[in-house]
Amino acid sequence: VRDGVVIIGAGHAGVQAADSLRERGYAGPVTVVAGESHPPYSRPPVSKQLLDHTVDPAPTPLRAPGFYRERGIELVRTRAERIDRDARLLHLADGRVVRYDHVVLATGARARTLPVPGADLPNVLTLRTVDDALALRPHLVAGARVVVVGGGFVGLEVASAARRQGAEVTLLERGDRLLRRAVSAATADRIVEHHRGTGVRLGFGEEVAGLVERGGRVVAVRTATGDVLPADVVVVGIGGTPEDRLARTARLPTRDGVVVDQWLTTGDPRISAIGDCAVVREPLTGTVTRLESVQNASDQARYVADLLSGATSRPYRALPWFWSDQGDLRLQMVLRTPGHDREVAVGRSVLLFDGGLLTGVESLNDPTTHMAARRLLEHAAPTDTELASADYDVRVLAKRLRRPVQVA
Ligand code: NAP
């Protein structure tokens, strides 16, 4: 039994929080509760390199092997069971009890499963962890019939990886276009073109009505429009469900995620939540935002470490950015605020405006525009008129700034 900061979850958010606490000089005990059996690993390769047969199947560690010992960070390989807020105790699945000064919930999210019978059959797979990737990898072989459900980031990255291994890929999206909530129509159209060009069959307005089973395995997918698609494997990428059980059982506010204020603090001043599991509530408007990205996990982790070590007292603020590799297509985007009323396509990028101000930039294989957009939006939101004067080239406006962008 001991005090200190206990971080629950050893993904990008949890490990960064521990690292940053030590970097800021926090001298108390730091414990990271890691639910998975692998040493903490980097998440992006799970839906990219790890699905490629030519790549070593070992996960990419988030930190060097000696890191945790050298920094005095205790990694506990078990699951957190329950938080007793009155006694300030965390109960672990292995029976241990840890006393805390502060808890950081960095519990992430889990993959949503298909709401039809057969969703638990052995060749119906979701993708979130290294073990998921290692289970999927042997299925992605030349000639295999792969049906991907969901036209989000998991679906598109898996479709690319499967095509590269020579599999036949059909992707079913229930909406009328890809990435409806993530990117503009103009960018989505270009992504569609890319995938069709590589031979992925894309079906829109298609929901899975049922799975056809034979001998304990799925052999076909039945869609709501009546199609029957033969399948050797079905990959489900229909979003994530935040892991907020610990917060709920500790009677902390949740709303499809752990609700936090602008200081990333839950209803209990001794408990913060960061990364995929955290829902940040705007005090004035009451709007809530939950982001699932490496940038969000890392920035929120650094912020909480700053807050706990007294390096800041300001509310959390960060510029969201994101990337996705789909074969030889790299999508990068930066989004200051969600929503836009005007799209301007410039070369391989699309500029998004809202009320005459630049709110975001989406780039396809255009890293210099992406980096310039981040520099620009980190600083301020330029007006449509300012950009028009630069022929909508964000690089021109960014050059006028002196402040360098922070690279995570
Ligand atoms: P996602 O990006 O939220 O996309 C899910 C897609 O599936 C949406 O287009 C959604 O459409 C659709 N969908 C939902 N229910 C469906 C159903 N029953 N049938 C057919 N389609 C359905 O989620 P994801 O692709 O599963 O990824 C999970 C998380 O991992 C996300 O947060 C993602 O950002 C992250 N991830 C990130 C990267 C990266 O950074 N490059 C790579 C992989 C994964 P609606 O919009 O209509 O719901």
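What counts, and at which threshold
Residues numbered from 1 in each chain as written. Predicted model: local features only at pLDDT ≥ 70, side-chain atom pairs only at ≥ 80, totals over all residues. Heavy atoms only, no water. Patch = residues over 30% accessible without salt bridge, like charges linked within 9 Å, V, L, I, M, F, W, Y side chains within 5 Å. Areas by Shrake-Rupley, 256 points an atom, 1.4 Å probe, with all protein chains shown as cover. Salt bridge = Lys/Arg side-chain N within 4 Å of Asp/Glu carboxyl O. Lys, Arg positive; Asp, Glu negative; His and termini not counted. Charge placed at Lys NZ, Arg CZ, Asp CG, Glu CD. Helix = DSSP H or I, 4+ residues; strand = E, 2+ residues; numbered from the N terminus. Buried < 20%, exposed > 50% of the residue type's maximum accessible area, 1.4 Å probe, protein only. Right-handed = clockwise from strand over helix to strand, strands pointing away. Pairing = 2+ DSSP bridges. Phe/Tyr/Trp six-rings, centres within 6.5 Å; stacked < 30°, edge-to-face > 60°. Lys NZ or Arg CZ within 6 Å of the ring centre and 35° of its normal. Near = heavy atom within 4 Å. Polar contact = N/O pair within 3.5 Å; in protein donor to acceptor, adjacent residues only side chain to side chain.

On the surface, a cluster of positive charge is made up of Arg-112, Arg-174, Arg-180 and Arg-181. By secondary structure assignment, the location of Arg-181 is in the loop between strand E11 (168–173) and helix H5 (185–197). On the accessibility criterion, Arg-181 (81% relative accessible area) is exposed.

Another point: the pairing of E11. Of all the 6 residues making up E11, 5 are buried; the element is thus mostly covered by neighbouring parts of the structure. One crossover worth recording links strand E10 (residues 145–149) to the parallel E11 by way of helix H4 (residues 153–164), and it is right-handed. As paired strands, E11 and strand E12 (residues 201–204) are joined by 4 bridges and run parallel to one another. Within E12, the position partnered with Glu-173 by the bridge is Phe-204. Between the parallel pair E11 and E12, the chain is carried across by H5, and the sense of this crossover is right-handed.

One pair of aromatic rings is described through two measures. These are the centre distance and the angle between the planes. Throughout the structure, instances matching the rule amount to 5 aromatic pairs. Plain terms: the ring middles of Phe-67 and Tyr-68 are 5.0 Å apart, the flat faces sit at 90° to each other, and that makes the pair edge-to-face. Here Arg-63 stacks its cationic end above the ring of Phe-67, 5.5 Å away from the centre of that ring. Directly above the aromatic system of Phe-353 lies the positively charged group of Arg-342, at a separation of 5.6 Å from the ring centroid.

A large share of strand E26 (residues 357–364) lies buried, amounting to 7 of its 8 residues. Pairing geometry for strand E23 (residues 329–335) and E26, over 5 bridges, is antiparallel. Counterpart to Gln-332 in the pairing with E26 is Ser-363. As paired strands, strand E25 (residues 349–354) and E26 are joined by 6 bridges and run antiparallel to one another. Looking across to E26, one finds that Leu-351 is bridged to Val-361. Between E25 and the antiparallel strand that follows it, E26, lie 2 residues; Gly-355 among them carries a positive phi value of about 55°.

Residue placement: Arg-375 occurs in helix H8 (residues 367–379). Classification of Arg-375 by relative accessible area gives partly exposed; the value is 22%. For the pair Arg-375 and Leu-50, spaced 325 residues apart in sequence, the C-alpha to C-alpha distance is 31 Å.

This part covers the site of the ligand. Near the ligand there are 22 residues, and of these Arg-180, Arg-181, Gly-239, Glu-292 and Trp-323 occur at the shortest range. In the model, an oxygen atom of the ligand is placed 2.8 Å from a nitrogen or oxygen of the Arg-174 side chain. Take Glu-292: an N or O atom from its side chain is 2.5 Å from an oxygen atom of the ligand. In isolation the ligand offers 910 Å² of accessible surface; the protein chains occlude 84% of this area. When residues of the shell around the ligand are traced back to their parent elements, those giving at least two are H4 and strand E22 (321–326).

Remember, this is a structural readout, not a statement about activity or role.
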